[in-house]
Amino acid sequence: MTRRPRSIGIILHVVIAVLYATGHARAQGQGISDERILFGQSAAFSGPARNLGTEMRIGIEAAFREINTRGGVHGRRLELVSLDDAYEPEAAIANTRQLIEQEKVFALIGAVGTPTSRSAVPVAAEAGVPYVAPFTGAAFLRDPKWRNVINLRASYYQETEEIVEYLTRDLGIDRIGVFYQDDSFGQAGYRGVRLALKRRNLEAVATGVYPRNTTAVKTGLLDLRAAAPEAVVLVGAYRPVAAFIAWAKHIDFEPVFVTISFVGSNTLIRELGPAGTGVFVTQVVPVPLMDPPALSPGGSVTDTTGRMEVITSYRQALATHDSDASPGFVSFEGYLAGRLVIHLLDWCGPRPERACFLDNMKRTEVIDIDGFTLRYGDDNQGSDAVFLTVVDADGRYQPLRTTGNRTDP
């Protein structure tokens, strides 16, 4: 019998120990311990957009709590640390650095806004940190050069295409104005409207703007009223959009009002009250607010009531996490973001790393979250679904139709 020299055995043990320690240290540096995986969020928790950050956080935490009560992902619980950037780009940069360098998070999730994401994504990319499910449909995040970005939702181009299609084809309106936030977010939405109009040989009849984190809407309102549009597309957060609509109705300026998902739908109708009746809003997740069946993309799994199973899962998880929270579009999007990272981590097995996490985005053709399906391509975007809704006389969102076709500029 041939015996292996004792020195070789010792060397092998040392090599194995070093490799294990190196891998363990790398995991620790990526926000992973034996007990937990840490995620970071920089979002608005103060200022006029604060409800967006709060609702995204509640949804993510509901999904994390749901999986943690089942033992976590391969035995590790998921945790979230959130920092307030007040929807300001400079604060988003500082928070992103703190989350990566000091908190040592595994990934960033649930950021709120285009200007903040535009500032934070390069910081995350340089550090190789995944940037998951930001609450924005901005086109720049769909650029394949951002290999660390994982978008959940449809783009602003898709939302504005649906808006213009509905106004022109279904309502027969061709005099359309645009009111938008004067920054990268508002300009992204405005460009989407212009492109959709151009495809129909139309132009916006007038525009109005307002500064971010303000409700200084009166000048833009008067600019639009002077052109007498039949419809106005509003690209902004809930407070300035609500102020615009309320002031418009006060001065008897009542075109069709349509806005996009970033507005924060639940808060918008609370701000508007009865003045919200008849306002159209595009959503990027199914309607989670009502007991009757909500519209869903073709082929989606539904429960016995006709709803997507994920709506029932979300409502149960939300009630367990925060019994005072009301179901809403923003927290539902946060919940879906949490469920998405759970899927990606689960596929990585008991030794997750960032590279595996990002690679899993394209591992399969379909990621099925209880009927809400995601398909990733070169644009780093999982869902193309847009859900058009309208506020009824009772202040509830009623679904009108769903589209899932990609529209490129």
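Refer to the structure printed above.
As the structure is a computational prediction, the values presented were derived from the model and not from experiment. (Residues numbered from 1 in each chain as written. Predicted model: local features only at pLDDT ≥ 70, side-chain atom pairs only at ≥ 80, totals over all residues. Heavy atoms only, no water.)

**Student:** I'd like a rundown of helix α5 (residues 156-170), residues and numbers included.
**Tutor:** An ideal rise of 1.5 Å per residue puts 21 Å on 15 residues; α5 measures up with 20 Å between its terminal C-alpha atoms. In terms of burial, α5 is largely enclosed, as eleven of its 15 residues are buried. For α5, the complete set of buried residues consists of Tyr156, Tyr157, Gln158, Glu159, Thr160, Glu161, Glu162, Ile163, Val164, Tyr166 and Leu167. Immediately beyond the C-terminal end of α5, within one or two residues, lies Gly172, with a positive phi of roughly 70°. (Helix = DSSP H or I, 4+ residues; strand = E, 2+ residues; numbered from the N terminus. Expected span 1.5 Å × (residues − 1). Buried < 20%, exposed > 50% of the residue type's maximum accessible area, 1.4 Å probe, protein only.)

**Student:** Please provide a residue-by-residue account of empty space enclosed by the protein, values included.
**Tutor:** Rolled over the atoms, a probe as big as a water molecule pinpoints where empty space is left. Under the counting rule described, the total for this entry stands at three cavities of 30 Å³ or more. Its boundaries defined by the atoms lining it, the largest cavity holds a volume of some 80 Å³. Lining the largest cavity we find 16 residues, and of these Ser42, Leu108, Ala111, Ala120 and Tyr131 sit closest to its centre. Counting residues per element, the ones that place at least two in the lining of the largest cavity are β1 (36-43), α3 (89-102), β3 (107-109), α4 (114-127) and β4 (131-132). Here the lining of the largest cavity is built from residues that sort into eight nonpolar, seven polar and one charged. Each pocket or cavity is described by its volume, and for the second largest cavity that value is around 40 Å³. Phe135, Arg153, Ser261, Ser265, Gln283, Val284, Val285, Phe329, Val330 and Glu333 are the residues that line the second largest cavity. With three residues, the top contributor of residues to the lining of the second largest cavity is helix α11 (residues 329-348). (1 Å grid on protein atoms, 1.4 Å probe; cavity = no way out; pocket = protein on both sides within 12 Å on 5 of 7 lines; lining within 4 Å. Points joined across faces, edges and corners; volume = space filled by probe spheres on them. Nonpolar A, V, L, I, M, F, W, Y, C, P; charged D, E, K, R; others polar.)

**Student:** Summarise unusual backbone geometry; cite the residues concerned and give the values.
**Tutor:** In this structure, His74 is a non-glycine residue whose phi angle is positive, near 50°. Relative to the helices and strands, His74 is located in the loop between α2 (50-68) and β2 (77-84). Residue classification places His74 among the partly exposed residues on the basis of a relative accessible area of 39%.

**Student:** Describe the sheet that holds β1, with residues and values.
**Tutor:** A sheet is described by the order of its strands in space; here five strands give the open sequence β2-β1-β3-β4-β5, paired in parallel fashion. The open sheet is flanked by β2 and β5 (149-150), the only strands paired with a single partner. Two strands pair when backbone bridges link them, and β1 and β2 are joined in this way by eight bridges, in the parallel orientation. Note on β2: the bridge partner recorded for Gly40 is Val81. Running over the sheet, α2 touches β1, β2 and β3 and is turned about 165° from β2. (Pairing = 2+ DSSP bridges. Contact = heavy atoms within 4.5 Å. Axes fitted to C-alpha atoms, helices over the stretch in contact; angles between N-to-C directions.)

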